[in-house]
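This is what each chain is made of:
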Amino acid sequence: MIDTKEKLKSILSLSPEEEAFDYTAPDSLSLKIPEYFFNLIDASDPDDPLRIQCIPNAREQEAEAGSGLDPLAEVEHTQGERLIHRYHSRAAFLTTDVCAIHCRHCFRRRFTATDQGPASDEEIEQAARYVAEHPEITELLFTGGDVLSLSDSRLEAMIKAFRSLRPNLVIRICTRMPAANPRRITDELVSMIKRHNSAPFYLMTQFNHGRELTAEAIEAVARFVDNGIPAMNQSVLLRGVNDDVETLVQLCNALVFNRIKPYYLFQGDLVAGTAHLRVSIKRGLELEAELRRRLSGLAMPTYAIDLPEGGGKVPLTGQYLVRETAEGAWEFKTCEGERRLYPEAPTLR
Ligand SMILES: *Cc1c(COP(=O)(O)O)cnc(C)c1O
């Protein structure tokens, strides 16, 4: 694992901005890169898209007006210590603050790597009871941190705690591990999860660039999919990483080819320290429109933004529905930019 500046500098030369990152500043997200992920970086390219995602840069420490540590107001929606119930039918459980890799675009910096460790038995029980008392919650997200940084036995205890009270609860395993360190995904892990199949599990991965889909990463995801656990991917739109059409087309097609459904492409949240990685919404919408022309429906992710002050997620997409005409029809714009009219359905007497 690469977790000190000295180790980092012994293997690769830092740019002036990387060199200027203050490793001792309070509130800064520390350096952490698994050996596996580090070896995927092209050390000769200062703009390598994998490098940008994990090597600290002084631009993270520039102040930015309007950003904060909790722009989604998650704390406000947190029940107990670790359960975020923001949406009617689903809740997110912060299983641990530990991650295999410290992504420089991390949107949960208020929690990630804060040395709190895995949820305690008491926190797990309390969260499980809350979910049991809220039958409207049909899906639970195991997130963090990275849930797969937990040991198999710890994860099993969490699954049991929730599923014993709610056998029909769908559980999403939200993890960057297949990209960060696919060797963590063993047959033992997947067969343990499979033993608790009173309801489906979904694997929610985060691949941001096609180069992260190595043979090992693909094999790790295949372990889940072969065992009946579908895989969905959530990417973050990141400046210099994947903010061009070719990169996204290649990523999304490679995901589909490997049985991973591109689910969301996220606009960067207003988290302090991530401004230099954010792509403008204007550019994001251009990319989204071009992707819609180039990708199959299956390969097309939903470009989405999590609105400030806890506004929640909404899709970001071009306007295809232009207006309702005075003649009772709907005017549309096609993906190629042409106009079409669709007459409103007749009212039946
Ligand atoms: C994104 C998110 C979810 C899941 O939302 P979906 O649109 O169903 O994927 C649930 N809880 C929180 C707090 C979230 O941020």
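Computed from a prediction, not measured in an experiment: that's the story for all the values here.

Below, the discussion takes up the overall build of the chain. Along its length, the chain carries eleven helices and 13 strands. For the chain, buried positions account for 51% of its 349 residues. For the chain, the share of sequence-separated contacts (at least 6 apart) that also reach a separation of at least 24 residues comes to 75%. Here the chain displays about 16,600 Å² of accessible surface, and carbon together with sulfur accounts for 52% of that area. One way to put it: in the chain the 41 positive side-chain charges average out to a point 4 Å from where the 52 negative ones average out.

As a further point, take the site of the ligand. Taken together, Ile84, Tyr87, Arg90, Leu141, Arg172, Tyr263, Tyr264 and Lys313 make up all the residues around the ligand. In the environment of the ligand, an oxygen atom lies 2.6 Å from a nitrogen or oxygen atom belonging to the side chain of Tyr263. Tyr264 places a side-chain nitrogen or oxygen 2.6 Å from an oxygen atom of the ligand. Burial of the ligand by the protein chains amounts to 90% of its free accessible area of 390 Å². At the level of secondary structure, the elements contributing two or more residues to the shell around the ligand comprise β2 (83–87) and β8 (260–266). Its residues assigned to classes, the shell around the ligand comprises five nonpolar, no polar and three charged.

So, on to the pattern of salt bridges. One side chain can pair with another of opposite charge once the charged atoms of both are near each other. Taken as a whole and judged by the stated rule, the model has 29 salt bridges. As a salt-bridge pair, Glu64 and Arg278 come within 2.8 Å of each other at their nearest N and O atoms. Within this pair, whereas Glu64 is found in the loop between α4 (49–54) and β1 (78–79), its partner Arg278 is found in the loop between β8 and α11 (281–294), the two being separated by 214 residues in sequence. The exposure class assigned to Arg278 is buried, which follows from its relative accessible area of 11%. In this structure, Asp306 and Lys313 form a salt bridge, with 3.8 Å as the shortest nitrogen-oxygen distance. Residues joined by salt bridges that share partners form a network here, namely Asp70, Glu74, Arg108 and Arg110.

The subject of this paragraph is the domain arrangement of the chain. Domain assignment breaks the chain into domain 1 (66–315) and domain 2 (319–349). Computed over C-alpha atoms, the centres of domain 1 and domain 2 are 37 Å apart.

For Thr205, the position within the fold is in strand β6 (residues 201–205). Within the structure, the side chain of Thr205 is placed 2.8 Å from the side chain of Asn233, a separation counted as a polar contact.

An α-helix turns once every 3.6 residues. As a result, residues three or four positions apart point the same way. Its twelve residues give helix α9 (residues 215–226) an end-to-end C-alpha distance of 16 Å, which sits within 8% of 16 Å, the value for a rise of 1.5 Å per residue. Among the residues making up α9, those that are buried are Ala217, Ala220, Val221, Ala222, Phe224 and Val225. Positive phi appears at Gly228, one or two residues downstream of α9, with a value of about 85°.

Our next topic: the nonpolar core. Formed by 62 residues in total, the largest nonpolar core has its most connected members in Phe93, Phe142, Phe162 and Ile193. Those residues within four positions of Ile193 in sequence are excluded, and the remaining contacts are Leu155, Ile159, Ile173, Phe201, Phe224 and Ile229.

Moving on: the sheet that holds strand β13 (residues 339–343). Spatially, β11-β12-β13 is the arrangement adopted by the three strands of the open sheet, whose pairing is antiparallel. Because the sheet does not close on itself, it has two edges, and the strands there are β11 (321–324) and β13. Averaged over all adjacent pairs, the angle separating strand axes in this sheet is 25°, with direction ignored. Sheet topology places β11 next to strand β12 (residues 329–333); three bridges connect them, and they run antiparallel. Bridging from a neighbouring strand, Glu324 pairs with Trp330 of β12.

Calculation rules
Residues numbered from 1 in each chain as written. Predicted model: local features only at pLDDT ≥ 70, side-chain atom pairs only at ≥ 80, totals over all residues. Heavy atoms only, no water. Helix = DSSP H or I, 4+ residues; strand = E, 2+ residues; numbered from the N terminus. Buried < 20%, exposed > 50% of the residue type's maximum accessible area, 1.4 Å probe, protein only. Contact = heavy atoms within 4.5 Å. Areas by Shrake-Rupley, 256 points an atom, 1.4 Å probe, with all protein chains shown as cover. Lys, Arg positive; Asp, Glu negative; His and termini not counted. Charge placed at Lys NZ, Arg CZ, Asp CG, Glu CD. Near = heavy atom within 4 Å. Polar contact = N/O pair within 3.5 Å; in protein donor to acceptor, adjacent residues only side chain to side chain. Nonpolar A, V, L, I, M, F, W, Y, C, P; charged D, E, K, R; others polar. Salt bridge = Lys/Arg side-chain N within 4 Å of Asp/Glu carboxyl O. Domains from an automatic or database assignment. Expected span 1.5 Å × (residues − 1). Core = buried A, V, L, I, M, F, W, Y, C linked by side-chain atoms within 4.5 Å. Pairing = 2+ DSSP bridges. Axes fitted to C-alpha atoms, helices over the stretch in contact; angles between N-to-C directions.

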